[in-house]
Amino acid sequence: ASASSSSSPAVKTAEAGVVVPATMKAWAYDDYGDASVLRLDEAVAVPAVGEDQVLVRVAAAALNPVDSKRRAGKFKASDSPLPTVPGYDVAGVVVKIGSKVKSLKEGDEVYGNINEKALEGPKQSGSLAEYTAVEEKLLALKPKNLDFAQAAGLPLAIETAHEGLERAGFSAGKSILVLGGAGGVGSLAIQLAKHVFGASKVAATASTPKLEFLKNLGADVAIDYTKDNFDEQPEKYDVVFDAVGQGEKAVKVVKEGGSVVVLTGAVTPPGFRFVVTSDGSVLEKLNPYLESGKVKPLVDPKGPFAFSQVVEAFSYLETGRATGKVVISPI
Ligand SMILES: NC(=O)C1=CN([C@@H]2O[C@H](COP(=O)(O)OP(=O)(O)OC[C@H]3O[C@@H](n4cnc5c(N)ncnc54)[C@H](OP(=O)(O)O)[C@@H]3O)[C@@H](O)[C@H]2O)C=CC1
Ligand SMILES: CC[C@H]1OC(C)=C(O)C1=O
């Protein structure tokens with residue numbers, strides 16, 4: 001994808017590189033609420049670039065449940081001011097760099113999760129826009145074998161999967177049960193556990209139509225939660241990774257001394273919950289697995305959704321049935 005599109009007035013001039021416009025197209029909301037509060041604004045101010053930030057011409061963005069929860073006002077106490085341009089995940093091209101940027105340069109193709117702490121002051125101007133400003137440390141160079149849509153679907157979900165496995169002390173030879181294996185985070189947790197951390201056994205839950213999908217990701221056992229209750233089976237696991245909100249049941253199937261990592265919902269000891277931290281160095285560490293194809297991005301086949309279809313894309317994500325990631329591309 002080029003650094004500019006027909007909709008973007010950014011133009012390349014010989015002496016000045018890419019000329020960045022003062023305003024851009026972006027999705028925004030002025031009040032908290034459901035997807036109906038979203039509006040496509042034709043003239044939002046292009047965000048200023050801090051000294052440690054780069055300006056990215058957005059080629060693709062991905063949706064996360066945290067976008068919906070934030071828009072519903074669940075985190076308003078620690079949110080940035082309204083109006084909000086939502087979006088955490090971005091893939092695109094660097095068009096401007098701050099004075100203290102060390103390694104990125106204009107023209108670099110990058111991807112990342114633009115909010116270092118997902119719930120603490122997420123950026124007012126997010127990635128569902130033609131441009132977004134991001135700290136260099138939150139970005140990595142996009143794997144060359146992935147297109148922008150595939151790359152945009154990775155950052156927050158793969159950083160969550162990786163951080164959850166690390167915090168759970170997961171390591172080679174251990175067994176894991178992933179609750180919610182077909183979702184954005186779960187589908188990457190299965191792959192990282194199996195192909196990066198060296199799991200001895202990966203089990204995962206999903207509904208009937210998605211069991212083969214789990215196996216193709218690397219799951220040794222696919223549990224159909226519409227027919228079997230994972231917490232009524234004798235098997236115990238070193239780690240249970242809950243991406244559904246079943247922490248109270250999860251603790252029933254963890255081995256003595258094992259870990260239960262919970263992404264959402266109530267936490268029952270020994271379970272623990274964390275909130276993902278964005279970190280470009282994690283993406284850089286995982287890039288070789290993405291470039292080799294050992295770990296694959298999963299874009300929900302209902303997408304990618306056009307930039308004009310963001311409301312429809314959120315409505316689909318909010319059904320709780322997405323397989324892999326809901327991606328918006330091109331932007
Ligand atoms: N704490 C943190 O830092 C983070 C928390 N989260 C939270 O984790 C949760 C998952 O996020 P994400 O993966 O992006 O969500 P998704 O919207 O991608 O999850 C959708 C998937 O969930 C599966 N699913 C729904 N219900 C069940 C169930 N009862 N058992 C098994 N699978 C089920 C669906 O499969 P099927 O159609 O087969 O039911 C579907 O494929 C969300 O609540 C999110 O807010 C996410 C990232 C970071
Ligand atoms: C309380 C966890 C919260 O943080 C993120 C990023 C989500 O998706 C959540 O539900």
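Residues numbered from 1 in each chain as written. Chains lettered and ligands numbered in written order. Predicted model: local features only at pLDDT ≥ 70, side-chain atom pairs only at ≥ 80, totals over all residues. Heavy atoms only, no water.

**Re the nonpolar core**
A general tendency of soluble globular proteins is for nonpolar side chains to be buried together. In terms of nonpolar packing, the biggest core is built from 51 residues, with Ile158 and Ile176 touching the most fellow members. Ranked by residues supplied to this core, first place goes to helix α4 (residues 184-196) with 6 residues. When residues no more than four places from it in sequence are discounted, the contact partners of Ile158 are Leu188, Leu192, Leu283, Leu286, Leu290 and Val295. Counting 30 residues, the second-largest nonpolar core is a separate cluster that includes Leu38, Val94, Leu104 and Val110. (Core = buried A, V, L, I, M, F, W, Y, C linked by side-chain atoms within 4.5 Å. Buried < 20%, exposed > 50% of the residue type's maximum accessible area, 1.4 Å probe, protein only. Helix = DSSP H or I, 4+ residues; strand = E, 2+ residues; numbered from the N terminus. Contact = heavy atoms within 4.5 Å.)

**Structural notes on the packing of aromatic side chains**
Within the structure shown, the criterion is met by 3 aromatic pairs. A centroid spacing of 6.4 Å and a plane angle of 50° characterise the contact between Tyr29 and Tyr32, whose relative ring orientation is tilted. Using a relative accessible area of 24% as the deciding quantity, one classes Tyr32 as partly exposed. Here Phe170 and Phe197 contribute two aromatic rings whose centre-to-centre distance is 6.1 Å and whose plane-to-plane angle is 55°, an arrangement assigned as tilted. Placement of the pair is Phe170 in the loop between α3 (155-167) and β10 (175-179) and Phe197 in the loop between α4 and β11 (201-206), with a sequence separation of 27 residues. Owing to a relative accessible area of 5%, Phe170 belongs among the buried residues under this scheme. (Phe/Tyr/Trp six-rings, centres within 6.5 Å; stacked < 30°, edge-to-face > 60°.)

**Here we look at α4**
Between its terminal C-alpha atoms α4 stretches 17 Å, which fits the 18 Å expected from 13 residues at 1.5 Å a residue. With 10 of its 13 residues buried, α4 lies for the most part within the structure. Turning to α4, its buried residues are Gly184, Val185, Gly186, Ser187, Leu188, Ala189, Ile190, Gln191, Leu192 and Ala193. If you follow the buried residues of α4, they end up packed against α3, β10, β11, α5 (211-217), β13 (237-242) and α7 (280-292). (Expected span 1.5 Å × (residues − 1).)

**A few points about the site of ligand 2**
In the vicinity of ligand 2, the contacting residues are Val66, Lys69, Ala118, Leu119 and Leu263. Side-chain polar atom of Lys69 to an oxygen atom of ligand 2: 2.6 Å apart, as the coordinates give it. Contact with the protein chains hides 82% of the accessible area of ligand 2, taken as 300 Å² for the molecule alone. Within the shell around ligand 2, the residues separate by chemical class into 4 nonpolar, no polar and 1 charged. (Near = heavy atom within 4 Å. Polar contact = N/O pair within 3.5 Å; in protein donor to acceptor, adjacent residues only side chain to side chain. Areas by Shrake-Rupley, 256 points an atom, 1.4 Å probe, with all protein chains shown as cover. Nonpolar A, V, L, I, M, F, W, Y, C, P; charged D, E, K, R; others polar.)

**A short note on the site of ligand 1**
If you check the shell around ligand 1, you find 27 residues, and the closest are Lys69, Ser207, Tyr225, Arg321 and Ala322. A distance of 2.9 Å is found between an oxygen atom of ligand 1 and a backbone nitrogen or oxygen belonging to Val185. Between ligand 1 and Phe274 there is a distance of 2.7 Å, counted from a nitrogen atom to a backbone nitrogen or oxygen. Notes on ligand 1: free accessible area 940 Å², of which the protein chains cover 87%. Counting only elements with at least two residues in the shell around ligand 1, the list comes to α1 (65-71), α3, α4 and β11. Considering only residue class, the shell around ligand 1 consists of 14 nonpolar, 10 polar and 3 charged.

**Some remarks on the sheet that holds β13**
The 6 strands are arranged β12-β11-β10-β13-β14-β15 in an open sheet whose pairing can be described as parallel. What marks the edges here is a single partner per strand, and that holds for β12 (221-224) and β15 (271-273). Across the sheet, the axes of successive neighbouring strands diverge by a mean angle of 20°, strand direction being ignored. Pairing geometry for β10 and β11, over 4 bridges, is parallel. The partner of Val178 across the bridge, within β11, is Ala204. Running over the sheet, α3 touches β10, β13, β14 (254-262) and β15 and is turned about 145° from β13. (Pairing = 2+ DSSP bridges. Axes fitted to C-alpha atoms, helices over the stretch in contact; angles between N-to-C directions.)

**Side note on the environment of Leu290**
Position of Leu290 among the secondary structure elements: in helix α7. Remark: the alpha-carbon pair of Leu290 and Val254, spanning 36 residues in sequence, is separated by 30 Å. What Leu290 contacts, discounting residues up to four positions off in sequence, is Tyr111, Pro143, Asn145, Leu146, Leu154, Ile158 and Val295.

**Here we look at the environment of Tyr289**
Note that Tyr289 resides in helix α7. Ignoring sequence-local partners within four residues, the contact set of Tyr289 consists of His195, Val196, Lys294 and Val295.

**Focus on the pattern of salt bridges**
A side chain of one charge can pair with a side chain of the opposite charge if their charged atoms are brought near each other. For the structure shown, the criterion picks out 17 salt bridges. A salt bridge links Arg39 to Asp30, with the nearest nitrogen and oxygen atoms 2.7 Å apart. Judged by relative accessible area, which is 36%, Asp30 ranks as partly exposed. Of the charged contacts in the structure, one is a salt bridge between Glu51 and Lys100, with a shortest N-O distance of 3.4 Å. Here the residue Glu51 occupies a position in the loop between β4 (39-45) and β5 (53-62), and Lys100 occupies one in the loop between β6 (89-97) and β7 (109-113), the gap between them amounting to 49 residues. Take Lys100: its relative accessible area is 51%, and that puts it in the exposed class. Through salt bridges with shared partners, a single ionic network connects Asp30, Arg39 and Asp41. (Salt bridge = Lys/Arg side-chain N within 4 Å of Asp/Glu carboxyl O.)

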